[in-house]
Amino acid sequence: HFSQGYISSNWARGGESSLSALWNLKYSADYTLGNKISWDNDLEYKIGILKSGEKKVRKNEDKLEINSKLGSNAVNNWYYSSLLNFQTQFFAGYNYPNTEEPISGFLAPAHLVFSIGMDYNPKEPLTILLSPVSYKLTMMRDTTKFDQTKFGIPENQKVKKELGAYLKSIFSIDFNSDISMENKVNFFINYLEKNETLDIDYEITLNMEVTE
């Protein structure tokens, strides 16, 4: 995806010209064994850059996510399921306009969630994984270059371990043959903290066919 916005010097409402680009890679590999066992795997990577006004080129998107879900049919569209979810980024991230000290990078941090529960999967357009018992790791590859406390990891440690409940849902809506919307949401509730914390990762993608 590529976009450009140009604003002339006499534009009364203010603003600045910009250039942006986004690359999105998706790959899926799904396997089934009869009507009982399914194994769904998907990989998605997004990288985006932005050039706004006189500022230097900045990263505005950088996300690698891998999911692997193994399910065994329980009843109707319900499955006994186990899920492995991994997320990180490839390139250094900064707290702009400061570009001297990066705050994130490859495997800094990285998030790994392993969950066991029930998966409601009537195929399209909805799938929901409910897991009352999940294990989450937040890892920091390098704690000398990056501040791990910004991501909830205690000082003098590289890993934060959490036990909690996990919910993952994907819901697609087809408005017509040309317009569709996909909703992806992850919830994680930590049981180990005195004051339970809730992590939310929500993404909406709107797809519109412009020409053939």
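The structure this text deals with has already been given above.
These lines cover the structure that appears in this document, whether it is placed above or below. (Residues numbered from 1 in each chain as written. Predicted model: local features only at pLDDT ≥ 70, side-chain atom pairs only at ≥ 80, totals over all residues. Heavy atoms only, no water.)

**Quick look at the pattern of salt bridges**
Counted by the stated rule, this structure contains 11 salt bridges. A salt bridge links K63 to E65, with the nearest nitrogen and oxygen atoms 3.5 Å apart. K63 gets classed as buried once you look at its relative accessible area, which sits at 18%. The shortest N-O distance in the salt bridge between K136 and D199 comes to 2.7 Å. Here K136, found in strand β7 (residues 126-139), pairs with D199, found in strand β10 (residues 198-208); they are 63 residues apart in sequence, far enough to count as distant. The buried category is assigned to K136, whose relative accessible area is 10%. (Salt bridge = Lys/Arg side-chain N within 4 Å of Asp/Glu carboxyl O. Buried < 20%, exposed > 50% of the residue type's maximum accessible area, 1.4 Å probe, protein only. Helix = DSSP H or I, 4+ residues; strand = E, 2+ residues; numbered from the N terminus.)

**So, the packing of aromatic side chains**
Here a ring pair, both rings aromatic, is described through the centre-centre distance and the interplanar angle of the planes. Here the structure, examined in full by the defined rule, presents five aromatic pairs. Ring plane angle 45 degrees and centroid distance 6.1 Å describe the contact between Y94 and Y96, whose orientation is recorded as tilted. Judged by its relative accessible area of 26%, Y96 falls in the partly exposed class. By the ring-pair criterion, three or more aromatic residues cluster together here, those being Y45, F90 and F106. (Phe/Tyr/Trp six-rings, centres within 6.5 Å; stacked < 30°, edge-to-face > 60°.)

**Brief notes about unusual backbone geometry**
A cis amide bond links Y96 to the next residue, P97, at an omega of 10 degrees. With respect to the secondary-structure elements, P97 resides in the loop between β5 (78-88) and β6 (110-120). With an omega of 0 degrees, the peptide bond between A108 and P109 qualifies as cis. Mapped onto the elements of the fold, P109 is located in the loop between β5 and β6. Phi is positive for N76, which is not a glycine, with a value near 50 degrees.

**As for the side chain of N41**
Among the secondary structure elements, N41 is positioned in strand β3 (residues 37-52). The buried category is assigned to N41, whose relative accessible area is 16%. In this structure N41 touches Y27, S28, A29, D30, Y31, N67 and S68, once residues within four positions along its chain are discounted. (Contact = heavy atoms within 4.5 Å.)

Everything listed is a geometric property; what it means functionally is a separate question.
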